[in-house]
Every structure is written in C-alpha cells, then in structure tokens.
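Results of the structural survey
Take a look at the letters that make up each chain.
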Amino acid sequence: MKVHYECAPCFLRQAREALDLATDDEELKMYVTEKIMKTLSEDFHEGAVSNVLGTDMHRTIKSETENRDPYSRERVLCNEIALKFLPEVERIVKENDGLESYLKAAITGNIIDFGALGLNTNMESLITETMKKDFAVDDSEKLEEALKTSSTVLYLADNVGEIVFDKLLIKKLNEYDVRVTVALKENPILNDACIPDALSIGLDEVAELVSTGTDSIGVVYGDVSDEFKELFDASDMVIAKGLGNYEGLTEMDLGDKLVFSLLNAKCKPVARSIGVEVGDNVILRL
C-alpha cells in the first residue's frame, strides 16, 4: 500500500512512542528524531510504500538506541489482555461453531495493536465492540471454498496477543484437513509476534512455526528469506493477518494465488484503500 498524507503524522507519533519506550536519554531521543525527520523528508513522497518506511524507521530506533525490543513490556501486556478475554471469546465462538465466528475472533484479536492505535488505547473496550460487528467486506465464503480445495495454508501472523485468538481460528482450519504453517518475525519490531511469543501460548500445538527471516513490518518482499519465498510460492493458499501484511501484500504481484487478508481497518488510509470505514472488520480476497 502506498502512503497517504495521514501516514506522516502517524510515523512521527510511532517514533515518539517507540523512543520513549527504548531509552530515557533525552539527547539520544533528539538525535534519533532528527535522523528520522531527515529520512522521512527524503523518502516520504507520493508512491512510497507505507510498511517499508515504517520498517526502516523502527529499525533506526532499535539500532541507534541499542534496544532490540522497545515494546517488550507491551508484548507482555498484549498477551495478558488476550488471555483475559480468551474465555469470553471461546464462549461466543462455541455458541456458533461455524468458520465465520472463528474468523471474527481472529480479526477481533487484530485490535490488540499499540503500533497502529497508540499506547493509550483502551484495548479492552475495543475488543468487546469489535467482536459484535459484522464484516464490512465479507469474502468468508470464498475463503471456505479455498480451504476445501487446498492442502497447505500459510498463515501470516501479526501481533503478540492477537496470536492467542489466531490459535482458535487455526484449530478450526485444521478441521478442513489442511496443513497450517504460521510465519512469524525473525526478530522483534513493534509488537509483532516472533516464534518465542508463539511458543509461549502453545501455537506450535496446532501448526508448524517458521520465520519470515527478517523483522520487517508485514511482508517486505525484498527483505524476507529465500526459504520464506519458497514457502509462500508453494502454499496452496495464504491467510494474512493485520495492516502490515495487507500493506506489503498489496505491493506484490500475487497473480491468481489464493490470498485472503483478515484485518480490522484501524486507520483511515487502510480503510480508504479498501473502501470501508475506520473500525470495520474485513475478510478480503486480494
């Protein structure tokens, strides 16, 4: 996805929050901010790719502050929030055991995102509201038909916390006699899920876990490993969670590959690009 004008202040908001998490050194914060401002002034322009710029910015923050995981505390908080709501979400999906309920649960998990929404967001109330919403774009029937003709599914994970609800959906996917492989980040960036995060909630019990080979926000095709590219190409279908993966996949030539994006449209640029309202739930065949 290309940047929209609103992306500029969002990048700066994220930079401030990440720097406050990464270091207490005010002089260092100023130095890094100057560096980010210079990079954005050169690289932020019409046609620039949003998750590529975001990846470069967060890598700069990690490198310059020598903090490999500024969002480490938020990782713990995300899991705590998800696990707190898991019994209620499980109760809701068991009342209606169809695939659609599990898709909605997974998209509800997409709300747990301090990067997109900010550190002061009331995640608990958003989870409750989102679980009650219908899909603004609903390609769930196409997704289910694809499951019936596929043997392998590549599931692109998004955030820590969110993967707690992804596990519910993946258990449901397994009922379709497909082999699910979950791709996670090689190293921390924002609150994106890595393999250790997935192991901590037992995601390996329901799927094979692999690394994308990089720490990019979403899929940046030039960054991912050759092994991941081969897996992507060989998989019968792809289910991609969240904004970063949507932003990256829409910049790739997917051809006729079965790729489905599951997300909550948490910002105006993403909502505008899909044709929905901010806060809408989306299941979209890309």
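One can find the structure itself at the top, above this paragraph.
A brief structural summary. Source: prediction; values computed, not measured. (Residues numbered from 1 in each chain as written. Predicted model: local features only at pLDDT ≥ 70, side-chain atom pairs only at ≥ 80, totals over all residues. Heavy atoms only, no water.)

Moving on, we get to the overall build of the protein chain. In terms of regular secondary structure, the protein chain is built from 13 helices and seven strands. Taken over C-alpha atoms, the radius of gyration comes to 18 Å for the protein chain, in line with the 19 Å a tight globule of 286 residues would show. Projecting the C-alpha coordinates of the protein chain onto the three principal axes gives extents of approximately 55 × 40 × 35 Å. A separation of at least 24 residues holds for 77% of the contacts in the protein chain among residues at least 6 apart in sequence. Of the roughly 12400 Å² of accessible surface on the protein chain, a fraction of 48% belongs to carbon and sulfur atoms. With 31 positive and 55 negative side-chain charges, the protein chain shows a spacing of 3 Å between the two charge centroids. (Helix = DSSP H or I, 4+ residues; strand = E, 2+ residues; numbered from the N terminus. Rg over C-alpha atoms; globule rule 2.2 N^0.38 Å. Contact = heavy atoms within 4.5 Å. Areas by Shrake-Rupley, 256 points an atom, 1.4 Å probe, with all protein chains shown as cover. Lys, Arg positive; Asp, Glu negative; His and termini not counted. Charge placed at Lys NZ, Arg CZ, Asp CG, Glu CD.)

Turning next to the pattern of salt bridges. In the structure shown here, the tally under the stated rule is 24 salt bridges. Across the salt bridge formed by E42 and K38, the nearest N and O atoms sit 2.9 Å from each other. Placement of both E42 and K38 in helix α2 (residues 26–43) is noted, with a separation of four residues, approximately one turn of the helix. When its relative accessible area of 49% is taken as the criterion, E42 is described as partly exposed. Here R75 and D69 are joined by a salt bridge, their closest N and O atoms 3.1 Å apart. Among the charged side chains, a network of salt bridges with common partners joins R59, K62, D215 and D223. (Salt bridge = Lys/Arg side-chain N within 4 Å of Asp/Glu carboxyl O. Buried < 20%, exposed > 50% of the residue type's maximum accessible area, 1.4 Å probe, protein only.)

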